[in-house]
Amino acid sequence: MSLIYGSSGDVRETLGNPSETEVSASSLNLGRRRATNIVNSYLERSFPGSIPFTVSGDVPGLVSDLTDLLAVYQIRRDKHPGPLPLSAEIKEEYWEKPLKLLQDIVDEKIKIPE
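Residues numbered from 1 in each chain as written. Predicted model: local features only at pLDDT ≥ 70, side-chain atom pairs only at ≥ 80, totals over all residues. Heavy atoms only, no water.

1. Focus on unusual backbone geometry
- At the junction of Ile51 and Pro52, the peptide bond is cis and its omega measures out at 5° in the coordinates.
- With respect to the helices and strands, the residue Pro52 is situated in the loop between α2 (25-43) and α3 (61-79).
- At Asn17, a residue that is not glycine, the phi angle is positive and equals roughly 55°.
- If you trace the backbone, Asn17 turns up in the loop between α1 (8-14) and α2.
- Asn17 sits in the exposed class, given a relative accessible area of 53%.
- With a phi angle near 60°, Glu108 is a residue other than glycine that sits in the positive phi range. (Helix = DSSP H or I, 4+ residues; strand = E, 2+ residues; numbered from the N terminus. Buried < 20%, exposed > 50% of the residue type's maximum accessible area, 1.4 Å probe, protein only.)

2. A few points about α3
- End to end, α3 covers 27 Å across 19 residues, agreeing with the expected 27 Å (1.5 Å per residue, within 8%).
- Among the residues making up α3, those that are buried are Val63, Ser64, Leu66, Thr67, Asp68, Leu70, Ala71, Val72, Tyr73, Gln74 and Ile75.
- Residues of α3 that are buried in the fold lie against α1, α2 and α4 (88-106). (Expected span 1.5 Å × (residues − 1). Contact = heavy atoms within 4.5 Å.)

3. Re the side chain of Arg12
- Within the fold, Arg12 resides in helix α1.
- Those residues in contact with Arg12 that lie beyond four places of it in its chain are Asn17, Pro18, Ser19, Glu20, Val23, Ser24, Ala25 and Leu28.

4. Considerations on the pattern of salt bridges
- One pass over the full model with this rule turns up 5 salt bridges.
- The salt bridge involving Glu20 is made with Arg12; its shortest N-O contact spans 3.5 Å. (Salt bridge = Lys/Arg side-chain N within 4 Å of Asp/Glu carboxyl O.)

5. Regarding the packing of aromatic side chains
- For the structure shown, the criterion picks out 2 aromatic pairs.
- Seen in terms of ring centroids, Tyr5 and Phe53 are 5.6 Å apart; in terms of plane orientation they differ by 65°. Their pairing is edge-to-face. Taken together, the positions of Tyr5 in the segment before α1 and Phe53 in the loop between α2 and α3 put the pair 48 residues apart, joining distant regions of the chain. For the pair Tyr5 and Phe53, a shared accessibility class is recorded, and that class is buried. (Phe/Tyr/Trp six-rings, centres within 6.5 Å; stacked < 30°, edge-to-face > 60°.)

6. Details of the nonpolar core
- With 29 residues, the main nonpolar core has Leu43, Val63 and Leu102 as its most contacted residues.
- Mapped onto this core, the elements with two or more residues apiece are α2, α3 and α4.
- At 7 residues, α3 tops the list of elements feeding residues into this core. (Core = buried A, V, L, I, M, F, W, Y, C linked by side-chain atoms within 4.5 Å.)

7. Things to note about α4
- For α4, built from 19 residues, the straight-helix expectation of 27 Å at 1.5 Å per residue is met to within 8% by its first-to-last C-alpha distance of 25 Å.
- At Glu96, α4 is deflected by roughly 30°, the largest bend along its length, and proline Pro98 occurs up to four residues later in sequence.
- Along α4, the positions that sit buried rather than exposed are Ile90, Tyr94, Pro98, Leu99, Leu102, Asp104, Ile105 and Val106.
- Of the surrounding secondary structure, the elements contacted by the buried residues of α4 are α1, α2 and α3.
- Looking at the residues trailing α4, positive phi occurs at Glu108, about 60°. (Bend = angle between axes of the 7 residues up to and from the residue.)

Following this line, the structure appears as structure tokens:
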């Protein structure tokens, strides 16, 4: 199994510490796995041969944090099956901002350690 970035504890805390029945460990892992795939799809363009990270200690803090935010979005989206979309605030905070920062890394406006 490949390395999943971020921290399930941090994601759970950002979600407001829901119980296991509200957000299961498998939901957390699925959200983190999806988020990791998104992060890798951005970063592999700028860091070929280094992405995906294979050792958890090599994952830069910013990458881990962005993965957590994207995981929160993925989990909230999965838990929101209604006909209306998630709020604009949630989409901006947990989807648009992290993706912009990833693009800034790709565009070398933000440097992360290699």
